[in-house]
Amino acid sequence: MSSAILDKETIEVDPIKPMRSFELQVSAVQRLSEHFRRITFVGEDLALFGSNADGATLDLRVKVMIPSPGHALPELSNIRGSLQDDWYQRWLAVDESRRGVMRTYTVRALRPAVPASGVQPAVPAELDIDFVLHLHGGSGPAAEWAAAAQPGDPLLLVGPCARWGDCLGIEFAPGAAERLLLVGDETAVPAIAAILEALPSHVSGHAVLEVPTAGDFLDISTPSGVEVRWLARGGNPHGEAMSQQVRALVAPAACELGEEPEDVDVDATILWETPASTTGHGLYAWIAGEAATIRGLRRYLVRDVGMDRNAVAFMGYWRQGQALS
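Now for a look at the structure at hand. (Residues numbered from 1 in each chain as written. Predicted model: local features only at pLDDT ≥ 70, side-chain atom pairs only at ≥ 80, totals over all residues. Heavy atoms only, no water.)

1. A word on the overall build of the protein chain
- A tally of regular secondary structure across the protein chain gives seven helices and 13 strands.
- Within the protein chain, the proportion of its 325 residues that are buried is 47%.
- In the protein chain, of all internal contacts separated by at least 6 residues, the share reaching a separation of at least 24 is 74%.
- Looking at the protein chain as shown, the accessible area adds up to about 15,100 Å², and 50% of this sits on carbon and sulfur atoms. (Helix = DSSP H or I, 4+ residues; strand = E, 2+ residues; numbered from the N terminus. Buried < 20%, exposed > 50% of the residue type's maximum accessible area, 1.4 Å probe, protein only. Contact = heavy atoms within 4.5 Å. Areas by Shrake-Rupley, 256 points an atom, 1.4 Å probe, with all protein chains shown as cover.)

Given below as structure tokens:
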């Protein structure tokens, strides 16, 4: 299969489903900072990888399947084309020592293939994922894999199929909002960076990014008027700096408090709410990162500031002390 053109036979035998598997190989590894490593992937069927209607990935989530040491890619690597509806159960049924591990990441960038033209050779489609490394404070198998990744290493990815139409995995939906508040720790930096790059010029607001050290401040460009504020955590508690910054940027209601959001036990359930639509042209908030911190910020914005909960998207990307797939 060509990375740019799908022949008629392939289309006819490849049923349309919202998600599919992508067999990829590492093509480049870039050290962005002590805690960020960008890995670029190529694969023959990346032409089938989905994005939004404008070709942007925004906060698109994918499942990354890390192979077990000494074993080939997980059993899903044998599936060509669209995944069956029971693919997750089939993966779980594989012996744990052989199936590898699955983790959720956001796509940093997707570049379509460029066909050959004149003396210029063809350029394959490429997909970037930025991995967060915590090698000195304990890290999971995905971070360890990323730290040792070399060009040619295989990886299986589960993501949206472009032929389905709607792209599953994108939560950012500001509607007509013209002011944004984007907040996240290092795990949300790739998504916020991709969002900022895709924003139109008339949008304003703030992006608050808390990372381990000042050396992790990255260059992010945006055509919008959103101001990017980097915060170095240093030795302070996780989430403290960005919580303080949000309270400084968005004042609580002067007279009347908003509704009290329902409490969520972040140790027992996933903290996740992304409204399908937003109201008006006012402020839209997108916050993601460590679940307990995000829960506190959500309560502040909805109850103390009085924001409409339909204008607040909040996602617990991870929980301190727990491994999430």
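Here the narrative resumes.
2. Some thoughts on the nonpolar core
- Phe 41, Phe 49, Trp 145 and Trp 286 are the most contacted members of the largest nonpolar core, which totals 59 residues.
- At six residues, the largest contribution of residues to this core is made by helix H5 (residues 189-198).
- When residues of this core are sorted by domain, at least three fall in each of domain 1 (19-164) and domain 2 (179-318).
- Leaving out residues up to four positions away in the same chain, Trp 145 has contacts with Val 26, Ile 39, Phe 41, Ile 66, Pro 67, Phe 131, Asp 153, Pro 154 and Leu 155. (Core = buried A, V, L, I, M, F, W, Y, C linked by side-chain atoms within 4.5 Å. Domains from an automatic or database assignment.)

3. A closer look at the pattern of salt bridges
- Tallied over the entire structure, the rule returns 12 salt bridges.
- One salt bridge connects Arg 38 with Asp 130, and the closest N-O pair in it is separated by 2.7 Å. Taken together, the positions of Arg 38 in strand S2 (residues 36-42) and Asp 130 in strand S6 (residues 126-132) put the pair 92 residues apart, joining distant regions of the chain.
- Among the salt bridges present, the one from Asp 130 reaches Arg 108, with a minimum N-O distance of 3.9 Å. Linking Asp 130 in strand S6 with Arg 108 in the loop between strand S4 (101-106) and strand S5 (109-111), this pair joins segments that are 22 residues apart in sequence. (Salt bridge = Lys/Arg side-chain N within 4 Å of Asp/Glu carboxyl O.)

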